[in-house]
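# Results of the structural survey
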Amino acid sequence: MHKLETEVLVIGGGATGTGVAWDAALRGFKVILVERRDLTHGTSGRYHGLLHSGGRYAVKDPHGAAECIAENQILRVTHAHCIEDTSGFFVVLPEDEGEYPDKFKAGCDAVGIPCTEISVAEALRREPLLNPRISRVFEVPDGSSDSFLAAHATAQAARNAGAQILTYHEVTNLLLAGSESDRRVAGAMVHNVVTGEDMEIHADITINAAGAWTGKLAAMAGIEITIMPSKGTMVAMNHRLVNTVVNRCKVPSDGDIIVPSHTVCVIGTTSINVPDPEPLRIEPWEVQKMLEEGDKMVPGFAQARVLRAWAGVRPLFQDTYTSGKGRDVTRKLALLDHKEREGVSGFLTITGGKWTTFRLMAEATVDDICRHLGTERPCTTATTPVPGAEQGHYWLGHRLHDIEENRLQSELVCECELVTRTMVENAARRNPLLTLDDLRRDVRLGKGPCQGGFCTYRAAGILHEMKKAGSWEVDMSDEAGSTAKWEVAYLQSPAHNLTSDADGHQSSEQPANTADAFNPNLLLRDFLQERWKGVTPILWGRQLKQERLDELIYMSLMNVDHLPDKGLASPVTDFYHFDTRPTVEEVADV
Amino acid sequence: MSDLLIIGAGLSGLMAAYTAVKAGMRVNVAAKGLGSLHWCAGTIDVLGYTAEQPNVPVKRPLEQISALVETHPQHPYALLTNEHLAQTLATFVALSKDIGVPYGGANNPGDNLLLPSPAGAARPAYLAPKGQLAGDLSRTEPMLIVGFEGLRDFYPELIAENLTKQGYSARAAFLPKKLATNRRDFTNVQLAQGMDSKEQRALLGPALKKLVRPGERIGLPAILGIKAHATILAELERETGAPIFEIPTLPPSVPGVRLYTALRSYLQGLGVHLTAGMEVLTAKTVAPNGVPGTVQWVESATSARPLKLLADKYLLATGGILGGGFNSEMNGRVWETIFDLPLTVPQERADWFQASFLSPQGHPVFSGGVSVNKAFQPAAENGQPLYANLWAAGKLLAHSDAIQERSTEGIAIATGVAAAQALSS
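Bear in mind the structure is a predicted one, so any value in this text is a computation, not a measurement.

What chain A contains, in helices and strands, is 16 helices and 22 strands. Seen through its principal axes, chain A has C-alpha atoms that stretch 65 × 65 × 50 Å. Here chain A, with 590 residues, has 62% of them falling under the buried criterion.

Structure, rendered in structure tokens:
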């Protein structure tokens, strides 16, 4: 069996895991990160995209709020291009009047969150769709973040510092050494879900950054960690109804925040304890609740066109498990030293927290790694921008500007999200890619109003042409990690992708044994089903009409349901086929 | 004031207009937009698959329909006899020649064609425009599928590979994009309009001639002209010595635009008044003596004011959910937008969908619609018309999922013609 040696093995390719890999690599450790699917397959890819100012925690959790504002200011520098500087409002609706707003202001002041009360007139001037009946508005430095781009940029920074990032590598077991009383985790057994190969990765220390899967991973070492997966459902609207993050100024609850994100806005969330991190059902009442709550902040919200719904889980950690509601459990980071807790050495768990504090979580983790490995090396991530940060903050017109400046109109593969052909080609060559869903995370393919109606066919056709020309060499082997080609900081920028890597390229390497997975008919079917999964909870009105047009295109015109290779499946086919249809109302288990 | 107001300019509305004007009626057509032909492949799909055998393309659709209406007596095709259905299709074929966009069928009369889709699947279609017929997969010549580099809506390698996997002989080739267009920003319709110019297409024939091998037929994206389409086809066949066929691709549909444009101007020549951008919003109906009531007028809102449209008789051909004839909302309500006619659509979202997007059973929400009696009048269960002067045709009719069974245009033609015959008799 194939074996790899490393000092630090990180399990989990979300914000936390990539952050740990980055930090550890910067401190000179040899690092391997394994992720069972694509980067951000889990919670990092399924949240509303808020860069917290800390305001939401200012009253209840001052410590968490202080962490947020500190990290907010750091990430604006280190991950500038992954952040849109939207600012944030906390608005007081008639039903929210009372003591909370003053407590909120005092809380912000106490932990150093810049918080200014602005006039309602000023707020309405900036956000004309806001409910005019609001009585007070506080402005804080909230922002909107792109967690896909951030994970890619962080992972690239880690690679540049020598780390190996292995996506589609699933841990099947932990390697245990030592005696019963002196147990040590010595690495992990890893299964390459694309090639089907297994390997052992031996590590001095193994980091459990598996997010919602943390408990399952720890169980492989005989350790019990009570993670309470708390489901949050989010709904994306077809329009950017606000340009500023809008929060209700009250004790956090369901549907109290609207985050502008690229060309859309997202309302979140619910908070429901669930037994498993995946798959997640979205109940009709959740969608209805989001729209009703959104309507309170932005009248007319519930009548606007809905684009999609999805759910993620907060991996909430509570030492002594109680059946409390998800939102009441601490959102603080939890770094568990299993040597101290259970006598198992070589194994740390980092969990809890939130996207905004991922860098801090990584810093704490790698500080502990240093202690365990008997070395002292200072953290430098707070002052080290990741590749791409020099572009400055994201702004809404960025892609349109690039397209017009460079006259790329005929190159558009996805008109909704302004994705060009060369962006697709370069993403396919620079980032290990197994499905069109991976391309969605890389370049936002298929995220717009038609939900893949036009771009699914085009992207499958382009990848197929590249495969025929030998210029889509999808290297999923473990050597892939060290290639310098893995250059993802500019995947989302049309102007940085004017020329294609694929031009004139002749592959000298034998492609991996991937014939089945990289089949264009499978790409088509998988992505159509993936998009279907996210729209079924919100299909009515104009989006239902859009869906029927997509049926006309893929059934009547393309006849995709009668293409060859019907028996093929990718590692994510089953996941896409999870039934998300609305059900007759059930009473939520909260 | 006209004899008949047709609401909707899709294929059913246009065929009804043709039938009614030929029967001597004064006909107006009010349409929200340009009609659904702009979305479709431009073929006449009569029946491609059945729920019983979802993976086997129907070979002889008219015969299969005889069996279908036995088991599905409420299906729109059951409103006509098989002979009547055949007559309506013959009416369309004759009309297509008159308007200069001739349609034809398989070599073996009564068979479905099998035409290459832009993904390389075999599409069952009963009739196709002349420019698509040489693509019939029952023919044996090997296929050369030619695309243009950088054209985003056509992937010849994908088409050729999938055709080959299904046992057909096909290979792919590319031509430089400049042979198709010099535009920077284009739709397929604009590419086709560009081809109408002799200068733009001057180099295409010689370039294809270089690529093609003896005995091959050539498949191209459906961008071979709008007005000059017939000329271009003949030119290219002459210059290459090979049969040429088009493969329709993503909307807007060039073959659909050709048919719509020709049909519309022909109808206008016959005296039909067709107004696009005239969305009908509401209807004024009265029912002093209960059912059936009477439609007094319908209202549009153009130029920001209500506009009454009056006629003796009204034909509703607004399509279903896609066409805009129905709307729906979160609570599961689906309604017909003008008359609020009763619909067979399940009124619970939980019952609308199958779990899989490409489910061969079809999503129940899309097979619901308006129930009509044998005279094509929206009717109560006992067959009593709801309004004495209202008829309905096309996709809004209940009890079929036309996209699933590939019967969209067949149902549109059959019910459009038959409804107009019923109301004019």
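The structure having been displayed, the exposition proceeds.
Quick look at the overall build of chain B now. Across its full length, chain B holds twelve helices and 18 strands. Against the compact-globule benchmark of 22 Å for 425 residues, chain B has a radius of gyration of 22 Å, which places it among compact chains. If one aligns the C-alpha atoms of chain B with their principal axes, the spans along those axes are about 75 × 45 × 40 Å. Counting only residues that meet the buried cut, chain B has 55% of its 425 residues in that class. In chain B, the share of contacts with a sequence separation of at least 24, taken over all contacts with a separation of at least 6, comes to 68%.

For the rest of this paragraph, the subject is the sheet that holds strand β7 (residues 143-148) of chain B. Residue and element names in this part refer to chain B. An order of β8-β7-β9-β10 is seen for the four strands of this open sheet, with the pairing classed as parallel. Looking at which strands have only one partner, the edges of the open sheet turn out to be β8 (170-175) and β10 (244-247). On average, adjacent strands in this sheet sit at an angle of 30° to one another, irrespective of strand direction. Summarising the sheet, β7 and β8 pair through six bridges and their orientation is parallel. Bridge pairing links Ile145 to Ala172 in β8. Here helix α5 (residues 156-165) sits on the sheet in contact with β7, β8 and β10, set at roughly 175° to β8.

Bringing the domain arrangement of chain B into the picture now. Residues and elements named next belong to chain B. If you check the domain split of chain B, you get domain 1 (2-97 + 258-424) and domain 2 (111-256). Between the C-alpha centres of domain 1 and domain 2 there is a distance of 31 Å. Contact with domain 1, which involves 23 residues of that partner, is made by 21 residues of domain 2. Take the side of domain 1 that touches domain 2: its biggest share by element is four residues, from helix α10 (residues 254-269). Within the side of domain 1 that touches domain 2, the residues separate by chemical class into twelve nonpolar, six polar and five charged.

Taken residue by residue, the interface counts 41 residues in chain B and 46 residues in chain A. If you list the elements that add at least two residues to the side of chain B that touches chain A, you get β5 (122-125), α5, β16 (326-328) and α11 (402-405) of chain B. Tallying contributions element by element places α5 of chain B first for the side of chain B that touches chain A, with four residues.

All names here are of chain B. Mapped onto the fold, Met15 is located in helix α1 (residues 11-22). A C-alpha to C-alpha distance of 7.9 Å links Met15 and Phe92, two positions 77 residues apart in sequence. Excluding its chain neighbours within four sequence positions, the residues that come into contact with Met15 are Phe92, Ala412, Ile413, Gly416 and Val417.

Before going further, it helps to examine the pairing of strand β13 (residues 294-302) of chain B. Residues and elements named next belong to chain B. The sheet contact formed by strand β12 (residues 280-286) and β13 spans six bridges and is antiparallel. Among the inter-strand pairings, Thr285 is bridged to a residue of β13, identified as Val295. Here five bridges tie β13 to strand β14 (residues 305-309), and the two strands are oriented antiparallel to one another. Along β14, the bridge assignment pairs Glu299 with Lys308. Between the antiparallel neighbours β13 and β14 lie two residues, among them Ser303 with a positive phi of about 50°.

A separate point is α5 of chain B. Of all ten residues in α5 of chain B, eight are buried, a share of seventy percent or more. Along its buried surface, α5 of chain B packs onto α13 (455-468) and α14 (520-535) of chain A together with β4 (113-116), β7, β8 and β10 of chain B.

This part is about the packing of helix α2 (residues 61-71) of chain B against helix α3 (residues 82-98) of chain B. Residue and element names in this part refer to chain B. Axis separation between α2 and α3 bottoms out at 10 Å; the angle between their running directions is 145°. Every pair of crossing elements has a handedness; the one defined by α2 and α3 is right-handed. Between α2, through Leu62, Ile65 and Ser66, and α3, the contact on the second element is made entirely by Asn82, Leu85 and Ala86. Of the residues that constitute the contact of α2 with α3, the class distribution is four nonpolar, two polar and no charged.

All right, on to the sheet that holds strand β4 (residues 83-84) of chain A then. The strand order across the open sheet formed by three strands is β3-β8-β4 (chain A), and the pairing between neighbours is antiparallel. Two strands bound the open sheet, and with one partner strand each, they are β3 (50-51) and β4 of chain A.

Now for the domain arrangement of chain A. Domain boundaries assigned for chain A yield domain 1 (2-43 + 148-227 + 330-383), domain 2 (50-144 + 229-313) and domain 3 (397-576). Taking the mean C-alpha position of each, domain 1 of chain A and domain 3 of chain A sit 29 Å from one another.

To continue, consider the confidence of the model for chain A. Residue and element names in this part refer to chain A. Counting all residues, the mean pLDDT for chain A is 90, and 92% of those residues have values of 70 or more. Low pLDDT (under 50) marks residues 320-324, which in the prediction has three contacts with non-local residues, meaning those over four places away or in another chain. Contacts for the low-pLDDT stretch residues 480-484, under 50 throughout, to residues beyond four places or in other chains number six contacts.

Looking now at unusual backbone geometry. All names here are of chain A. Omega for the peptide link from Gly268 to Thr269 comes to -20°, which places this bond in the cis form. Structurally, the position occupied by Thr269 is in the loop between β16 (264-268) and β17 (272-273). With an omega dihedral of -5°, the bond running from Glu278 to Pro279 counts as a cis peptide bond. Looking at where Pro279 falls in the secondary structure, it is placed in the loop between β17 and α7 (284-297). The backbone phi angle of Tyr168 is positive, close to 55°, even though this residue is not glycine. The residue Tyr168 is located in the loop between β9 (164-166) and β10 (169-177) in this model.

Residues and elements named next belong to chain A. With 17 residues, helix α15 (residues 541-557) extends 23 Å from end C-alpha to end C-alpha; this agrees with the ideal 24 Å at 1.5 Å per step. The buried count for α15 comes to 13 of 17 residues, which makes it a mostly enclosed element. Residue Asn559 follows α15 closely and has a positive phi angle near 55°.

What counts, and at which threshold
Residues numbered from 1 in each chain as written. Chains lettered and ligands numbered in written order. Predicted model: local features only at pLDDT ≥ 70, side-chain atom pairs only at ≥ 80, totals over all residues. Helix = DSSP H or I, 4+ residues; strand = E, 2+ residues; numbered from the N terminus. Buried ≥ 20, exposed ≤ 12 C-beta atoms within 10 Å, placed from the backbone. Rg over C-alpha atoms; globule rule 2.2 N^0.38 Å. Contact = placed C-beta atoms within 7 Å. Pairing = 2+ DSSP bridges. Axes fitted to C-alpha atoms, helices over the stretch in contact; angles between N-to-C directions. Domains from an automatic or database assignment. Nonpolar A, V, L, I, M, F, W, Y, C, P; charged D, E, K, R; others polar. Left-handed = near helix turned anticlockwise from the far one by under 90°. pLDDT = per-residue confidence, 0-100. Expected span 1.5 Å × (residues − 1).

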